[in-house]
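Structural characterization, general
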Amino acid sequence: MCYLERFKIDLKALTEDVTPLEWELDDDFFKSLEDSQVQVGSLHVSGSIRKAVGFYELQLHTVGTVRIPCDRCLELMDQPVEADLRLVVKLGAEYTEDDDLITVAETEPVLSTAWFIYESIVLAVPIQHVHQLGGCNDAMMRVLSEHSAARSSDADAQEIDPRWDALRKLKVKSEE
Ligand SMILES: [Zn+2]
């Protein structure tokens, strides 16, 4: 079974008015998603899907942490995340998404929640995420600044390279 199968809800198979939902998300969740920017995380998803007249209402709450690179030192850091997701789901002619209104094809009445959960997690990550004060990796910061300094001196070296080459050839000749 594909890992993401467990996040699919067969709407026609819902027997209760309210069906509780619960999932644990780990690295496998993020790695199963195509183009996921997050690869490591540990989160708990809980909520329910409610059967109403003419539509379904999905409500999920996600809490946990994701490991993402710190903006300042680039080392991975644990970012706490708390996200809410609410979708209204209807059956229709074909699958469409319109903000939080999802229409699922009547011929294939299955809602895939994985990508919606992922999006809610990513949206809950603050735009600027850095280690707490003093938490950045000093060694990493040094390497980063040395690396940028080394890159500019590399460029200088390349400029004078042909002349050094010519001198080296002269030296080899005179030694022969
Ligand atoms: Zn940092």
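One can find the structure itself at the top, above this paragraph.
The following paragraphs examine the structure supplied in this document. Keep in mind the model is a prediction, meaning the values are calculated, not measured. Just so you know, the residues in each chain are numbered from 1, in the order the chain's sequence is written. Per-residue local features are limited, in this predicted model, to residues with pLDDT of at least 70; the limit for side-chain atom pairs, both in listing and counting, is 80 or more; totals at the level of whole chains, interfaces and linings are taken over all residues. Note that the side-chain values use all heavy atoms of the structure and ignore hydrogens as well as water.

The patch calculation keeps residues exceeding 30% relative accessible area without a salt bridge and links them within 9 Å when they carry like charges or within 5 Å when they are nonpolar (Val, Leu, Ile, Met, Phe, Trp, Tyr). Only the protein chains shown count as cover for residues, and the accessible areas themselves come from Shrake-Rupley with a 1.4 Å probe. In what follows, salt bridge is the name for a side-chain nitrogen of Lys or Arg lying within 4 Å of a carboxyl oxygen of Asp or Glu. Asp and Glu count as negative and Lys and Arg as positive, but His and the ends of the chain are not part of the count. One atom stands in for each charge, and that atom is NZ of Lys, CZ of Arg, CG of Asp or CD of Glu. Taken together, the side chains of Glu22, Glu24, Asp26 and Asp28 present a region of like negative charge at the surface. Only DSSP runs of H or I reaching four residues or more are called helices, and only runs of E reaching two or more are called strands; each is numbered from the N terminus. Mapped onto the elements, Glu24 comes out in strand S2 (residues 18-25).

In spatial order, the strands read S2-S3-S4-S5-S7-S6; together these six strands make up an open sheet with mixed pairing. Two strands lie at the open edges of the sheet, namely S2 and strand S6 (96-98), each paired on one side alone. Each strand of the sheet is rotated relative to its neighbour by a mean of 20°, with strand direction disregarded. By definition, two strands form a pair when at least two bridges between them are found by DSSP. Sheet topology places strand S5 (residues 76-92) next to strand S7 (residues 101-105); five bridges connect them, and they run parallel. For every element, the axis is a line fit to its C-alpha atoms; helices are fit only across the contacting stretch, and the angle between N-to-C directions ranges from 0 to 180 degrees.

Below, the discussion takes up the packing of aromatic side chains. Pairing of aromatic side chains requires ring centres within 6.5 Å, counting the rings of Phe and Tyr and the six-membered ring of Trp. Pairs whose planes differ by under 30 degrees are stacked, by over 60 edge-to-face, and all others tilted. Scanning the entire structure with this criterion turns up six aromatic pairs. The interplanar angle of 45° and the centroid separation of 5.2 Å between the aromatic rings of Phe7 and Trp23 together place this pair among those described as tilted. Of this pair, Phe7 sits in the segment before strand S1 (8-10) while Trp23 sits in strand S2; the two residues are 16 residues apart in sequence, bridging distant segments of the chain. Accessibility here uses a 1.4 Å probe with only protein chains present; expressed as a share of the type maximum, an area under 20% marks a residue as buried, one over 50% as exposed, and anything in between as partly exposed. The class of Trp23 is buried, set by a relative accessible area of 10%. Their ring planes at 40° and their centres at 4.8 Å tell us that Trp115 and Tyr118 sit as a pair that is tilted. Of this pair, Trp115 and Tyr118 both sit in helix H2 (residues 114-124), three residues apart, roughly one helical turn. Linked through ring pairs, Tyr3, Phe7, Trp23, Phe29, Phe30, Trp115 and Tyr118 together constitute an aromatic cluster. Should the NZ of a Lys or the CZ of an Arg lie within 6 Å of a ring centre and within 35 degrees of the ring normal, that charge is described as sitting over the ring. The ring of Tyr3 carries the charged tip of Arg6 above its face, separated from the ring centre by 4.0 Å.

We now examine the nonpolar core. For this analysis, a nonpolar core means a set of buried residues of the types Ala, Val, Leu, Ile, Met, Phe, Trp, Tyr and Cys, connected via side-chain atoms within 4.5 Å. Grouped together as the largest cluster of nonpolar side chains are 34 residues, with contacts concentrated most on Phe29 and Ile117. Listing elements by their share of this core, those giving two or more residues are S2, helix H1 (27-32), strand S3 (40-51), strand S4 (56-69), S5, S7 and H2. Whether two residues are in contact is decided by their heavy atoms: any pair within 4.5 Å suffices. Excluding residues that lie within four positions of it along the chain, Ile117 makes contacts with Phe7, Trp23, Leu25, Phe29, Val45, Leu60, Thr62 and Leu85.

With the rule as written, the count across this model stands at four salt bridges. Residue Glu57 pairs with Arg50 through a salt bridge whose shortest N-O separation is 3.2 Å. Among the residues examined, Glu57 registers a relative accessible area of 11% and is labelled buried. Assessed through its relative accessible area of 34%, Arg50 is described here as partly exposed. One salt bridge connects Arg67 with Asp78, and the closest N-O pair in it is separated by 2.9 Å.

Listed donor atoms are N, O and S within 2.8 Å of the metal (Na, K and Ca: 3.2 Å). As water is not included, a site may look incomplete. Donor atoms from the polypeptide that coordinate the zinc ion comprise Cys70 (SG), Cys73 (SG), His131 (ND1) and Cys136 (SG), at 2.0 to 2.5 Å from the metal. Just to be clear on the cut-offs, tetrahedral is four donors with all angles between 85 and 135 degrees, square planar is four donors and octahedral six with opposite donors over 155 degrees apart and all others between 65 and 115, and anything else goes down as irregular. Around the zinc ion, the four donor atoms sit at angles spanning 100 to 117°, and that spread fits a shape best called tetrahedral. Counting gaps between the donor residues of the zinc ion yields the pattern C-x2-C-x57-H-x4-C. You'll find His131 and Cys136 in the same group, each marked buried.

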